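So the chains spell out like this:
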Amino acid sequence: MMKKTITAVCAVMLALASVSCQKKSAPERYLAIQDEMIEIMGKIKDPASADKYAGKLFKLRKEAAELHKSMSDEEKHQTLTMNDQEFFKQLMYRKEPLKQALWNANFYGSNELKQALSDDTLNDAFTAPPLH
């Protein structure tokens, strides 16, 4: 009885894992990265959380930039087409106020967060030392 139960549970878990592991297209991954960045920026409320999430934000921005560089022209066009979709509009509607709030709070005094969100730092991502 126990063996059958474990086997059934394993079969269900395997089926769920295979569905969740399906490869997303590059534009879908790019939008997922943007969504994750928004979630993280929403968690920054003080100097400690600013320092805590700065490295993760930098890594996500770098990953998005590398992904964009690696996309074919067709995938880039698909991303631009997605820009007209409601999902992308909602992402930007959520992202811009968060970025502005961090700017207004002077990044909670976190130089690491300021660097992580700086376009200059991202442009030097391949030569700059990694943030935590």
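(A) The pattern of salt bridges, seen in detail. Counted by the stated rule, this structure contains three salt bridges. We note a salt bridge from E36 to K56, for which the minimum N-O separation is 3.4 Å. One end of the pair, E36, is in helix 2 (residues 26-43); the other, K56, is in helix 3 (residues 47-70), and 20 residues separate them in sequence.

(B) Here's a closer look at the nonpolar core. The biggest cluster of nonpolar side chains holds 24 residues, and the ones touching the most others in it are I33, I44, L57, L102 and L113. Of all the elements in the fold, those that place two or more residues in this core are helix 2, helix 3, helix 5 (86-104) and helix 6 (111-116). Residues contacting L57, with those up to four places away along its chain left out, are M37, I40, M41, I44, L113 and L117.

(C) Inspection of the packing of helix 2 against helix 3 at higher detail. Close contact between helix 2 and helix 3 brings their axes to 10 Å; oriented N to C, the two are set at 165 degrees. Here helix 2 lies roughly antiparallel to helix 3, going by the angle between them. The way helix 2 lies across helix 3 gives a crossing that is left-handed. Each of A26, R29, Y30, I33, Q34, E36, M37, I40, M41 and K43 in helix 2 lies in contact with helix 3, whose residues at this interface are S49, Y53, K56, L57, L60, R61, E63, A64, L67 and H68. Classifying every residue of the contact of helix 2 with helix 3 by side-chain character gives 11 nonpolar, three polar and six charged.

(D) Layout of unusual backbone geometry. Positive phi values are uncommon outside glycine, yet F107 reaches one of about 55 degrees. Mapping F107 onto the fold places it in the loop between helix 5 and helix 6. By relative accessible area, which is 7% here, F107 ends up buried. Phi is positive for Y108, close to 55 degrees, though the residue is something other than glycine. Structurally, Y108 is set in the loop between helix 5 and helix 6.

Cut-offs and rules
- Residues numbered from 1 in each chain as written.
- Predicted model: local features only at pLDDT ≥ 70, side-chain atom pairs only at ≥ 80, totals over all residues.
- Heavy atoms only, no water.
- Salt bridge = Lys/Arg side-chain N within 4 Å of Asp/Glu carboxyl O.
- Helix = DSSP H or I, 4+ residues; strand = E, 2+ residues; numbered from the N terminus.
- Core = buried A, V, L, I, M, F, W, Y, C linked by side-chain atoms within 4.5 Å.
- Buried < 20%, exposed > 50% of the residue type's maximum accessible area, 1.4 Å probe, protein only.
- Contact = heavy atoms within 4.5 Å.
- Axes fitted to C-alpha atoms, helices over the stretch in contact; angles between N-to-C directions.
- Parallel < 35°, antiparallel > 145°, perpendicular 65-115°, else oblique.
- Left-handed = near helix turned anticlockwise from the far one by under 90°.
- Nonpolar A, V, L, I, M, F, W, Y, C, P; charged D, E, K, R; others polar.

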